[in-house]
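What follows is the residue order along each chain.
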Amino acid sequence: MPKYIVEALFVILGSFVIAIGFNGFLLPNQIASGGFSGVSIVVSALTDWKPAYILWALNGTFFLIGWLVLGKGFAAKTFLGTALLPLFFLLTEGLPVLTHNTLVGAIFGGLLVGLGLGIVFLGNASTGGTDLIAMILHRFAKISLGKSVAVIDGLVVISSMLIFSVEKGLIALIALYVTIKVIDIVQLGIKQKTAKNVMVISRKEAEIRDGLINQLKLGVTRLDAQGGYSQVNNGVLMIIIPTPEFQRVNDYVMGIDPQAFVIVMDASEVQGLGFTRARNANDIAL
């Protein structure tokens, strides 16, 4: 099956799973755990507008901004998710409320949303949402993607505290935490951290390095190494990335060299360029 069809199926399935978690657990219990979906819960409580319409309006607006600012490549990867997710919200809005216990709703709602987002990420795509704002902030304000998303989601949770209650805002944080952990599990298995140290050994090292820097806009460090048996000198590319970026990097490397040797390790704490402080044009690699 062509790769683009498989990726589209991932986006469709992931968006549907997110919609079930949203309408079955989060919306009925007023748990705004971040993202544009959280914004739609807050705005819906104030206006009685349907969350799906609010999400379409927000996604549509920032999709156009992202198209203009980030280019056509960005648009192609996010269009399907930004269009489908509100549609599935609308189609599943009659779903029976699965629990009226807010804590249970936060846990299982966060689990389903994380599962759905993880599946969408496996499809090399995005559902739009606050990721769009984060990408724009990252491009112009030089704020890391992780920090951008954290700030935006934090503002959504604070707004839910003001509109609903402090308790529901705190429970929303639980849902957000569950979502993040489940995304990690779907993408890379259990016991994953927020960043990954990816090591790549390939005979097409130069081509991969240039693509990672110029196309994927990632920092790359080259290490000198020697094969223990062959005694041949090889270059090892080291890339430190946020966990959601792994699928994109892995697909890119495999697309150039299917025989590449790729090692993925947890990076339990990452400080420095692109993570804890802004990157400038001269800081492409260490």
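Every residue gets a number counted from 1 within its own chain, in the order that chain's sequence is written. With the structure being a predicted model, the display of local features is reserved for residues of pLDDT at least 70 and the display and counting of side-chain atom pairs for 80 or more, all residues being used for whole-chain, interface and lining totals. No hydrogens and no water enter the side-chain calculation; it runs on all heavy atoms of the structure.

Asker: I keep staring at helix H5 (residues 102-122) and nothing clicks. Help me out?
Answerer: Each α-helix winds once per 3.6 residues, and so residues spaced three or four apart point in a common direction. To qualify as a helix, a DSSP run of H or I must reach at least 4 residues; to qualify as a strand, a run of E must reach at least 2; elements of each kind are numbered from the N terminus. Multiply 1.5 Å by the residue count of a helix minus one, and that product is the helix's expected span. Look at H5: 29 Å from first C-alpha to last across 21 residues, which is about the 30 Å you get at 1.5 Å a residue. Here H5 starts with a cap whose side-chain oxygen sits 3.0 Å from the backbone nitrogen of Leu 103, and that cap is Asn 101. Directly after H5, the chain includes Asn 124, whose backbone phi takes a positive value near 60°. Any N or O atom pair separated by 3.5 Å or less is treated as a polar contact, with the protein-specific requirement of one donor-capable and one acceptor-capable atom, and with residues adjacent in sequence counted only for side-chain atom pairs.

Asker: Which parts of the structure should I look at to understand the packing of helix H1 (residues 3-26) against H5?
Answerer: When two helices pack together, their arrangement is given by the angle between the helix axes and the distance between those axes. Only C-alpha atoms enter the line fits that serve as axes; for helices the fit covers just the stretch in contact. Angles between N-to-C directions range over 0 to 180 degrees. Relative to each other, H1 and H5 sit at 170°, their axes nearing to 7 Å. On the basis of the axis angle, H1 is roughly antiparallel to H5. The chirality of how H1 crosses H5 is left-handed. For this classification, the nonpolar set comprises Ala, Val, Leu, Ile, Met, Phe, Trp, Tyr, Cys and Pro, the charged set comprises Asp, Glu, Lys and Arg, and every other residue, Gly included, is treated as polar. Split by residue class, the contact of H1 with H5 holds 17 nonpolar, 7 polar and no charged. To sort the angles, those under 35 degrees are grouped as roughly parallel, those over 145 as roughly antiparallel, those from 65 to 115 as roughly perpendicular, and the leftovers as oblique. When the near helix sits turned anticlockwise from the far one by under a right angle, the crossing is termed left-handed; a clockwise turn instead gives a right-handed crossing.

Asker: Help me understand the UniProt feature "transmembrane region" (unreviewed entry) in the protein in this model?
Answerer: In the numbering used here, UniProt assigns the feature "transmembrane region" (unreviewed entry) to residues 7-27, 53-71, 78-97, 103-123, 144-164 and 170-190. Helix makes up 70% of residues 78-97 and strand 0%, whereas the separation of the span's terminal C-alpha atoms amounts to 30 Å. UniProt positions are given in the numbering used here, feature names are shortened, and annotations may be inferred rather than shown by experiment.

Asker: Would you explain the packing of helix H9 (residues 205-214) against helix H10 (residues 246-256) in this entry?
Answerer: Packing of H9 against H10 leaves a shortest axis separation of 10 Å and a crossing angle of 145°. Two packed elements cross with a definite hand, and for H9 against H10 that hand is right-handed. The residues of H10 that touch H9, namely those facing Glu 207, Ile 208, Gly 211 and Leu 212, are Val 249, Tyr 252, Val 253 and Ile 256. Class assignment of the residues belonging to the contact of H9 with H10 gives a composition of 6 nonpolar, 1 polar and 1 charged. The contact rule is simple, with two residues in contact once any of their heavy atoms fall within 4.5 Å.

Asker: Is there a simple way to explain H9 in this structure?
Answerer: Buried means the residue's accessible area, taken with a 1.4 Å probe over protein chains only, is under 20% of the maximum for its type, while exposed means over 50%, and partly exposed covers the values in between. Glu 205, Ile 208, Gly 211, Leu 212 and Ile 213 are the residues of H9 that are buried. Buried positions along H9 lie against strand E1 (195-201), strand E2 (221-226), strand E3 (233-242) and H10.

Asker: What is the right way to read the sheet that holds E3 from this model?
Answerer: With antiparallel pairing, 4 strands are arranged side by side in an open sheet as E2-E3-E1-E4. Looking along the sheet, the strands with just one partner apiece sit at the ends: E2 and strand E4 (261-266). The mean angle between the axes of side-by-side strands here comes to 25°, regardless of whether they run parallel or antiparallel. Its contacts with the sheet put H9 on E1, E2 and E3, and the angle it makes with E3 is roughly 20°. Docked against the sheet, H10 engages E1, E3 and E4, running at close to 165° with respect to E4. When DSSP finds at least two bridges between two strands, those strands are taken to pair.

Asker: Hey, could you run me through the nonpolar core in this one?
Answerer: Side chains of nonpolar character tend, in soluble globular proteins, to be buried together. Residues Ile 18, Leu 26, Ile 31, Ile 41, Phe 89 and Leu 117 are the most contacted members of the largest nonpolar core, which totals 28 residues. Breaking this core down by element, the ones donating at least two residues are H1, helix H2 (35-47), helix H3 (51-70), helix H4 (72-91), H5, helix H7 (145-163) and helix H8 (166-188). The contacts of Ile 18, once residues within four sequence positions are left out, are Leu 85, Phe 89, Leu 112, Val 113, Gly 116, Leu 117 and Thr 127. Buried residues of nine kinds, namely Ala, Val, Leu, Ile, Met, Phe, Trp, Tyr and Cys, make up a nonpolar core once their side-chain atoms join them within 4.5 Å.

Asker: Sorry, what's going on with the packing of aromatic side chains here?
Answerer: Aromatic ring pairs: the centre-centre distance and the angle between the two ring planes describe each pair. Here a Phe, Tyr or Trp ring, Trp counted by its six-membered ring, pairs with any other such ring whose centre lies within 6.5 Å, and the pair is stacked when the planes are under 30 degrees apart, edge-to-face when over 60, and tilted otherwise. Inspection of every chain in the model, using the stated rule, returns 4 aromatic pairs. Relative to Phe 88, the ring of Phe 16 lies with its centre 5.6 Å away and its plane at 75°, an arrangement referred to as edge-to-face. Taken together, the positions of Phe 16 in helix H1 and Phe 88 in helix H4 put the pair 72 residues apart, joining distant regions of the chain. By relative accessible area, Phe 16 is classed as partly exposed at 37%.

Asker: I would appreciate a short explanation of the side chain of Ser 44 in the present structure.
Answerer: Structurally, the position occupied by Ser 44 is in helix H2. Given the relative accessible area of 14%, Ser 44 is considered buried. Beyond its immediate stretch of four places on either side in the chain, Ser 44 contacts Trp 49, Pro 51 and Ile 54.

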